[in-house]
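Descriptive structure summary
Single-letter residue listing:
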Amino acid sequence: EKGGYDTFMLKEIFEQPTTLRDCLRGRITGDCSRVTLSGVELNKDRFLQAERITLVACGTSWHAALIGKRLIQDFCQIPVEVEYASEFRYGNPVLNDRDIVIAISQSGETADTLAAIQLAKDKGAFVYGVCNVVGASIPRATDSGTYIHVGPEIGVASTKAFTGQVTVLTLLALAVGQLRGVIDSSTVQSVATALNAMPGTIEETLKCNDAVQKLSMFFTYAHNFIYLGRGYNYPTALEGALKLKEISYIHAEGYPAAEMKHGPIALIDQEMPSVIIAPSDSLYDKIISNVQQVKSRGGAVVAIVSKGNTAMKDIANFCIEIPDVPECLTPLVASIPLQLLAYYIAVNKGKNVDQPRNLAKSVTVE
Ligand code: F6R
């Protein structure tokens, strides 16, 4: 049942080329000129009239929501907010029938997310679900939605569901942007083409496995970690840190890289390694200078860089290369080495990665 892998988590990490193929199937036209999601098609008026979109979720799904915010802002020009479901439900949110609330949940059973949906519906918002488990409570409670179709996720630490959520949010942003006529066709064409090729791109990315396993040995006994990213990859940093916390029980924090100098850099010394997500995107030059600041305080640096990057090799202790993709898709590829890094550090420590202590796969109570 683990398909020859030692753990469900490793199986699910390596399954991502297949699960993303399933997630994309039938949603991008053959010529990559259009994205169609039935949940958007069937509710055109709601998406045309929307004045604001609020994304609600917990944990890893909340990290996907942060990436979704940026995608929807870039492609749909609608104001977007992201809330933890637990904060949203007790935060007296101001909503009306021009609001869309998108609830993201792998299990479809998370209690806080379900309660947030009920509240949003009571206030007249249109509620859209992005879920994995077909027929679960959340897809039943929402007005419409899109399944991520990545198959059962058994490992408690979410991996393939996260990449499926980010993929569906990308499709949704493209579909709604087209519907509202605010995205140009060349952007749709280039992002849809790269998204369509993502299963193969992830396959390619997974070749970093052996290098990540090797470098993980240097960090088995670390007590703390900092993950840094900017723009689209600030949420990737948060997700990388959460994976490490969950399964290896190492304290890890994710920060937007530029926030370092506002406090956290005080933590950096030889005992505090950093993981820096630095693809060759619009913020690359800025993140290089953030890395130099960390490096000069003696902390070890693991950098996730685009293929062919040379500048970072002189600064970072370890560089992991990821394929070049459009900026908005970099979280999908950058999260692969972070999943593997957390995995191997936990395995080095002899931890049970599929069932980490204190955690449940679905959190059905508050
Ligand atoms: C992290 C993880 C949790 C879940 C969170 C939400 O690896 O699995 O943080 O993401 O409990 O669960 P769902 O998506 O089922 O609502």
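Above this note sits the structure.
Summarised in this report is the structure supplied together with it. (Residues numbered from 1 in each chain as written. Predicted model: local features only at pLDDT ≥ 70, side-chain atom pairs only at ≥ 80, totals over all residues. Heavy atoms only, no water.)

1. Here's the deal with the packing of helix H12 (residues 209–216) against helix H15 (residues 330–348)
Following both chains from N to C, one finds H12 and H15 inclined at 45°, their axes separated by 9 Å at the closest point. Between H12 and H15, the angle is such that the two are oblique. For the pair H12 and H15, the sense of crossing is right-handed. When H12 is examined against H15, the residues Asn209, Val212, Gln213, Leu215 and Ser216 are found in contact with a partner set consisting of Pro337, Leu340, Leu341, Tyr344, Ile345 and Asn348. By residue class, the composition of the contact of H12 with H15 is 7 nonpolar, 4 polar and no charged. (Axes fitted to C-alpha atoms, helices over the stretch in contact; angles between N-to-C directions. Helix = DSSP H or I, 4+ residues; strand = E, 2+ residues; numbered from the N terminus. Parallel < 35°, antiparallel > 145°, perpendicular 65-115°, else oblique. Left-handed = near helix turned anticlockwise from the far one by under 90°. Contact = heavy atoms within 4.5 Å. Nonpolar A, V, L, I, M, F, W, Y, C, P; charged D, E, K, R; others polar.)

2. Comments concerning the sheet that holds strand E7 (residues 251–256)
Across the sheet, 5 strands lie side by side as E7-E6-E8-E9-E10; this open sheet has parallel pairing. The open sheet has two edge strands, E7 and strand E10 (318–322), and neither has a second partner. If you compare each strand with its neighbour and ignore which way they point, the axes differ by 20° on average. In this structure, strand E6 (residues 224–229) lies alongside E7, joined through 6 bridges in parallel fashion. Directly across from Phe225, in E7, lies its bridge partner Ala252. Those strands touched by helix H14 (residues 284–295) are E6, strand E8 (274–278) and strand E9 (301–306), and its axis lies near 165° from that of E8. (Pairing = 2+ DSSP bridges.)

3. With respect to the packing of aromatic side chains
When we look at a pair of aromatic rings, we describe it by the centre distance and by the angle of the planes. A complete count under the given rule lists 9 aromatic pairs for this structure. Relative to Phe126, the ring of Phe47 lies with its centre 6.0 Å away and its plane at 85°, an arrangement referred to as edge-to-face. With Phe47 in helix H4 (residues 44–49) and Phe126 in strand E4 (residues 126–131), this residue pair connects regions lying 79 residues apart in the sequence. The same class applies to Phe47 as to Phe126, namely buried. (Phe/Tyr/Trp six-rings, centres within 6.5 Å; stacked < 30°, edge-to-face > 60°. Buried < 20%, exposed > 50% of the residue type's maximum accessible area, 1.4 Å probe, protein only.)

4. Structural notes on the pattern of salt bridges
Using the criterion set out here, one finds 16 salt bridges in the structure. The residue Asp99 makes a salt bridge to Arg52 at a minimum N-O spacing of 2.8 Å. Linking Asp99 in strand E3 (residues 99–105) with Arg52 in strand E1 (residues 52–57), this pair joins segments that are 47 residues apart in sequence. Take Arg52: its relative accessible area is 22%, and that puts it in the partly exposed class. A salt bridge links Glu239 to Lys243; its shortest N-O distance comes to 2.6 Å. Here Glu239 pairs with Lys243, and both are found in helix H13 (residues 234–248), just 4 residues apart, close to one helical turn. Judged by relative accessible area, Glu239 falls into the buried class, the value being 4%. Because the salt bridges share partners, they merge into one network encompassing Lys11, Glu15 and Lys160. (Salt bridge = Lys/Arg side-chain N within 4 Å of Asp/Glu carboxyl O.)

5. A short note on the environment of Asp281
By secondary structure assignment, the location of Asp281 is in the loop between E8 and H14. Residue class for Asp281 comes out buried when judged on its relative accessible area of 16%. For the pair Asp281 and Ser306, spaced 25 residues apart in sequence, the C-alpha to C-alpha distance is 8.9 Å. Among the polar contacts made by the side chain of Asp281, one reaches the main-chain amide nitrogen of Leu283 at a distance of 2.9 Å. (Polar contact = N/O pair within 3.5 Å; in protein donor to acceptor, adjacent residues only side chain to side chain.)

6. A short note on the site of the ligand
Neighbouring the ligand are 13 residues; Ser61, Ser105, Gln106, Ser107 and Thr110 lie closest to it. Interatomic distance of 2.6 Å between a backbone N/O atom of Gln106 and an oxygen atom of the ligand. Glu246 places a polar side-chain atom, nitrogen or oxygen, 2.8 Å from an oxygen atom of the ligand. Coverage of the ligand by the protein amounts to 88% of the 400 Å² it exposes when considered alone. (Near = heavy atom within 4 Å. Areas by Shrake-Rupley, 256 points an atom, 1.4 Å probe, with all protein chains shown as cover.)

7. Section: the sheet that holds strand E5 (residues 144–147)
One open sheet holds the 5 strands; their spatial order is E2-E1-E3-E4-E5, and the pairing between them is parallel. Each edge of the open sheet carries a strand with a single partner, namely strand E2 (80–84) and E5. Averaged over all pairs of adjacent strands, the angle between strand axes in this sheet comes to 20°, irrespective of strand direction. Strand direction decides the pairing type here: E4 and E5, joined by 4 bridges, are parallel. Across the sheet, the residue bridging to Gly129 is Gly145, located in E5.

8. Some remarks on the environment of Tyr221
With respect to the helices and strands, the residue Tyr221 is situated in the loop between H12 and E6. Between the C-alpha atom of Tyr221 and that of Glu271, which follows or precedes it by 50 residues, the distance is 9.9 Å.

9. What to know about the nonpolar core
Ile72, Phe75, Ile102, Phe225, Tyr227 and Leu329 are the most contacted members of the largest nonpolar core, which totals 94 residues. The leading source of residues in this core is H15, at 12 residues. Beyond its immediate stretch of four places on either side in the chain, Phe75 contacts Ala173, Leu174, Gly177, Val182, Ile183, Thr187, Val191 and Cys328. Ranked by size, the runner-up nonpolar core spans 20 residues in total, among them Ile226, Ala257, Met272 and Tyr284. (Core = buried A, V, L, I, M, F, W, Y, C linked by side-chain atoms within 4.5 Å.)

10. Notes on the side chain of Ser248
Note that Ser248 resides in helix H13. Ser248 sits in the buried class, given a relative accessible area of 0%. A polar contact is formed between the side chain of Ser248 and the backbone oxygen of Leu244, at a distance of 2.6 Å.

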